[in-house]
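# Observations on the model geometry
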Amino acid sequence: EALTADRLETQGGVVLDGAVVQGEARFLGARLGGDLSCDGARFKREGGEALTADRLETRGDVFLRGAVVQGEARFPGARLGGTLDCDGARFEREGGKALFLQGAEVAGAFFLREGASVRGELDLSGARIEHINDDRACWPGPGDLLLDRCRYVAFIGGPVDARSRLDWLALQDEAQFGQDFWPQPYEQLAKVFREMGHAADARAVLIRKEKLQRRARRARMTPPGRALYALRDGLLAVTLRYGRAPMLAGAWLLALAVIGFALFDVAAQHGAIKPNTGYTLRAPEWVACGAAMGETVHDPATGETLKGRREAEHGTRLDCFLAQPEGRNYPRFDAAIYSLDTLLPIVDLEMQDFWIPDETADWPYAEATRWYLWLHIGLGW
């Protein structure tokens, strides 16, 4: 038979251990001075509400250990002064809400372990729970978990790592409720991990949240905007993990500095680096080093004809210039400092002011080196 106890008020608890209720057991608005104990009880009302406890208030715990609820178990807006213990319980309502805790407050822990099962939706949206203690094997199926606006303080059992808990959050299916993404469950999980001392796990959760949230935002855009944002988001994902791993910027800068050093050093060895000052490029010693010893060269600045100064031991025009008395005081090129000076936008190492790749040099990669310099500077920014 059904059981009706709407607005029941007791100084102690209510014990239904082992009870069998064929129909709806109702505790709407009931106020209990102790526990509601339903260990091993069976509530059966397929296709409807089997255990209804909307706005139930208890000073003690609610025990459903080993209980079987065939139908909806409802606790929306309930205020439980202790724990909600569902260890070994079976909640069955496929295609509907099996355990409905929307907006409930649980002052103690929520237990879902020891072979418990939820066949249907587990709705914890808007609930406030002190602690969660669950087993992965007891989680509901894909699409049957609702955690939007659910708040909890810590996990006192079950998985306490980012990979497992991200699988837990992935059981949500926002689309079936007309939503594209719920960010709050990810922020809440990260907050809990951080307060439990799992900083790396918290960061992993926030990175996943950024990835999914940005994907949902792109899905609402037109194709051109979607492509641009996909490019930007991809760059942020690779370089900074969406800003959640800023130290990666240092690693990327170091890699770029090494690449720049290698390229600019090879370019200097092949004479594909030249002074970066107009005065020096117009100086007779630089113009004269453009021709071998004994040859003549035209000086465009003065219109005069100069004798070449590059000797056999001078491998490049740059070597010739630096060997001249007038060039010995010119700052020497250092590929490592040059790479850092052009890469770091807020640092001035005074190397870029004096040197620049020479795209006219007789080296196959001279022009490419000049183009890379602009890319190097841009990536630094």
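Please refer to the structure placed before this passage.
What you see as residue numbers is a count from 1 along each chain, following the sequence as written. It should be noted that, the model being predicted, local features are given only for residues of pLDDT at least 70 and side-chain atom pairs only at 80 or more, the latter also being counted only at that level, while totals for whole chains, interfaces and linings use all residues. The side-chain values count all of the structure's non-hydrogen atoms but skip hydrogen atoms and water molecules.

### Quick look at helix α2 (residues 184–195)
- With twelve residues, α2 should reach 16 Å at 1.5 Å per residue; the first-to-last C-alpha distance of 16 Å fits that figure.
- The classification of residues rests on relative accessible area computed with a 1.4 Å probe and restricted to protein chains. Under 20% of the type maximum is buried, over 50% is exposed, and intermediate values are partly exposed. Each helix corresponds to a stretch of at least 4 residues labelled H or I by DSSP, and each strand to a stretch of at least 2 residues labelled E; elements are numbered beginning at the N terminus. Buried within α2 we find Gln184, Pro185, Tyr186, Gln188, Leu189, Ala190, Val192 and Phe193.
- On its buried side, α2 packs onto β19 (151–157), α1 (162–169) and α3 (199–219).
- Looking at the residues trailing α2, positive phi occurs at Gly197, about 90 degrees. Given a helix with a known number of residues, its expected span is that number minus one, times 1.5 Å. The contact definition used throughout considers only heavy atoms, calling two residues in contact when any of these lie within 4.5 Å.

### Structural notes on the pairing of strand β14 (residues 90–100)
- Criterion used throughout: strands pair if DSSP finds at least two bridges between them. Where strand β11 (residues 68–74) and β14 come together, five bridges link them in parallel fashion. Pairing of Val69 across the sheet is with Phe91, part of β14.
- Where β14 meets strand β16 (residues 117–123), six bridges bridge the pair, whose relative direction is parallel. Within β16, the position partnered with Leu99 by the bridge is Leu122.

### Here's the deal with the environment of Leu375
- Within the fold, Leu375 resides in helix α10 (residues 366–380).
- Leu375 sits in the partly exposed class, given a relative accessible area of 46%.
- For Leu375 and Arg226, which are 149 residues apart along the polypeptide, the C-alpha to C-alpha distance reads 25 Å.

### Here's the deal with the pairing of strand β8 (residues 42–52)
- Bridge count for strand β4 (residues 20–22) against β8 is three bridges, and the pairing is parallel. Among the inter-strand pairings, Val20 is bridged to a residue of β8, identified as Arg42.
- Alignment of strand β5 (residues 25–26) against β8, held across two bridges, turns out to be parallel. Counterpart to Ala25 in the pairing with β8 is Leu51.
- Bridging between β8 and β11 involves six bridges; their strand directions are parallel. Bridge pairing in β11 links Phe43 to Val69.

### Focus: the nonpolar core
- Ranked by size, the top nonpolar core spans 65 residues in total, and within it Phe27, Leu56, Leu64, Phe75, Phe91 and Trp168 carry the most contacts.
- Among the elements that line this core, the one with the most residues is α2, at five residues.
- Every residue in contact with Phe91, bar those within four places of it in the chain, is listed here: Leu64, Val69, Ala73, Cys86, Ala98, Leu99, Ser117, Val118 and Arg119.
- For our purposes a nonpolar core is just a set of buried Ala, Val, Leu, Ile, Met, Phe, Trp, Tyr and Cys residues, chained together by side-chain atoms within 4.5 Å. Ala267, Ile273, Ala335 and Ala361 belong to the second largest nonpolar core, which has 27 residues in total.

### Some thoughts on the packing of aromatic side chains
- Note on ring pairs: Phe, Tyr and Trp rings are taken, using the six-membered ring of Trp, and paired if centres are within 6.5 Å. Classes follow the plane angle, with under 30 degrees stacked, over 60 edge-to-face and the rest tilted. Following the criterion strictly, the structure yields 15 aromatic pairs and no others.
- When the centroid spacing of 5.1 Å and the interplanar angle of 85 degrees are considered together, the rings of Phe264 and Tyr338 count as edge-to-face. Pair noted here: Phe264 is in helix α5 (residues 248–269) and Tyr338 is in helix α9 (residues 335–343), with a separation of 74 residues, a long-range link. Note on accessibility: Phe264 and Tyr338 belong to one class, buried.
- Look at NZ for Lys and CZ for Arg. If either is within 6 Å of the ring centre and within 35 degrees of the ring normal, a charge sits over the ring. Seen from the ring of Trp168, Arg165 lies directly overhead, with NZ or CZ sitting 4.7 Å from the centre.

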